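Residue-level structural notes
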Amino acid sequence: MSDAPTAPRNEPPLSSPRAAATADAAPGYSGLRALVQGDLDIWGEFFAGVRPGQHTSLLAGARLALLYAGLRAVLVHRLAHELRRRRIRVVPMLLANLNISLHGFDIPPSVPVGPRCYVPHPVGTVITARRIGTGVTIVSGVTIGMRKGSDFPTIGNEVYIGAGARILGDITLGDRAQIGANAVVLKDVPADHSAVGVPATIRPPRPA
């Protein structure tokens, strides 16, 4: 999956003064609508019989959001992040605190999260990352954050993070990395590699 920056969509025209005042420096932002649709799609594939490549309807998505705290938690973060991008004060942090109270999901509004984020059990998960890529699965009780100073991890695309894992410091999890349950990851994990244990050891991809 390409990491090339894409032009923002579903944003005010760049000629608009409001757009100029609220444009975000982070590349590849696809807009709130596209991000929400991606989240609904992955949940629809798991729980509503939606085929890969097809979109989950808004009605089906609303039903899923009513039933599953993980989807609600991600959607609340989407809204908080979008409002922060638009330079709206106070409200993003209020939404982040509401997310903690309702879902036990602690993630600042500043963290950019790619589409198709799947967090089946948000309670006890704490995330502060430079970036979370597309199609990331974060199971439950996960901590992603600093080890010292303000050195936060970067999470690639299609990464799987098992229950209770700790990803700490200025490290990068490459695309399709697999993090075992309760692993403590303190160094980079290359693309397609796995990390297991305390502290985690890196294992190469299994032969095809």
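Rules and cut-offs
Residues numbered from 1 in each chain as written. Predicted model: local features only at pLDDT ≥ 70, side-chain atom pairs only at ≥ 80, totals over all residues. Heavy atoms only, no water. Pairing = 2+ DSSP bridges. Helix = DSSP H or I, 4+ residues; strand = E, 2+ residues; numbered from the N terminus. Expected span 1.5 Å × (residues − 1). Buried < 20%, exposed > 50% of the residue type's maximum accessible area, 1.4 Å probe, protein only. 1 Å grid on protein atoms, 1.4 Å probe; cavity = no way out; pocket = protein on both sides within 12 Å on 5 of 7 lines; lining within 4 Å. Points joined across faces, edges and corners; volume = space filled by probe spheres on them. Nonpolar A, V, L, I, M, F, W, Y, C, P; charged D, E, K, R; others polar. Phe/Tyr/Trp six-rings, centres within 6.5 Å; stacked < 30°, edge-to-face > 60°. Lys NZ or Arg CZ within 6 Å of the ring centre and 35° of its normal. Salt bridge = Lys/Arg side-chain N within 4 Å of Asp/Glu carboxyl O. Polar contact = N/O pair within 3.5 Å; in protein donor to acceptor, adjacent residues only side chain to side chain. Contact = heavy atoms within 4.5 Å.

Once that is clear, we can look at the sheet that holds strand β6 (residues 154-155). Ordered by their spatial adjacency, 3 strands build an open sheet running β3-β6-β9, and the pairing between neighbours is parallel. Of all the strands in the sheet, the pair left with one neighbour each is β3 (131-132) and β9 (172-173). Looking at chain direction, β3 and β6 are connected through 2 bridges and run parallel. Bridge pairing in β6 links Ile 132 to Ile 155.

Turning to helix α4 (residues 69-85), a few remarks are in order. Between the first and last C-alpha of α4 there are 24 Å, a value that for 17 residues agrees with the 24 Å anticipated at 1.5 Å per step. Counting buried residues in α4 gives 12 out of 17 residues, a clear majority hidden from the surface. Here α4 has its buried residues at Gly 70, Leu 71, Ala 73, Val 74, Val 76, His 77, Arg 78, Ala 80, His 81, Glu 82, Leu 83 and Arg 85. Once α4 ends, the next one or two residues include Arg 87, with phi positive near 65 degrees.

Once that is clear, we can look at empty space enclosed by the protein. To locate leftover empty space, one rolls a probe as large as a water molecule over the atoms. Tallied over the entire structure, the rule returns 2 cavities of 30 Å³ or more. The computed volume of the largest cavity comes to approximately 50 Å³. Every residue along the wall of the largest cavity is listed here: Val 74, His 77, Phe 105, Ile 107, Val 113, Cys 117, Val 119, Ile 127, Ile 132 and Ile 138. Considering only residue class, the lining of the largest cavity consists of 9 nonpolar, 1 polar and no charged. Lining the second largest cavity are Tyr 29, Leu 35, His 77, Arg 78, His 81, Val 111 and Val 113. The residue makeup of the lining of the second largest cavity, split by class, is 4 nonpolar, 2 polar and 1 charged.

As enumerated under the stated definition, the model contains 6 aromatic pairs in all. Taken together through their ring pairs, the aromatic side chains of Trp 43, Phe 46, Phe 47, Tyr 68 and Tyr 118 make up a single cluster. The residue whose ring lies beneath Arg 85 is Tyr 29, and the NZ or CZ to ring-centre distance is 3.5 Å.

The subject of this paragraph is the sheet that holds strand β10 (residues 178-179). An order of β4-β7-β10-β12-β13 is seen for the 5 strands of this open sheet, with the pairing classed as mixed. Since the sheet does not close on itself, it has two edges, and those belong to β4 (137-138) and β13 (201-203), each with one partner. Relative to strand β12 (residues 194-196), β10 runs parallel, the two sharing 2 bridges. From the neighbouring strand, Ile 179 faces β12, where its bridge partner is Ala 195.

Considering all chains together, one arrives at 5 salt bridges under this definition. The shortest N-O distance in the salt bridge between Asp 39 and Arg 78 comes to 2.7 Å. Taken together, the positions of Asp 39 in helix α2 (residues 32-47) and Arg 78 in helix α4 put the pair 39 residues apart, joining distant regions of the chain. Arg 78 carries the same exposure label as Asp 39, and that label is buried.

What follows covers the side chain of Arg 78. Judged by its relative accessible area of 4%, Arg 78 is buried. Among the polar contacts listed, one links the side chain of Arg 78 to the backbone oxygen of Val 113, at a separation of 2.4 Å. Excluding residues that lie within four positions of it along the chain, Arg 78 makes contacts with Leu 32, Leu 35, Val 36, Asp 39, Val 113, Gly 114, Pro 115, Arg 116 and Cys 117.

The next thing to look at is unusual backbone geometry. Cis rather than trans, the peptide bond between Val 198 and Pro 199 has omega equal to -15 degrees. Structurally, Pro 199 is set in the loop between β12 and β13. Of note, the phi angle at Glu 158 is positive, near 60 degrees, even though the residue is not glycine. With respect to the element layout, Glu 158 can be found in the loop between β6 and β7 (160-161). For Glu 158, a relative accessible area of 35% gives the class partly exposed. With a phi angle near 70 degrees, Asp 192 is a residue other than glycine that sits in the positive phi range. Checked against the element boundaries, Asp 192 lands in the loop between β11 (184-185) and β12.

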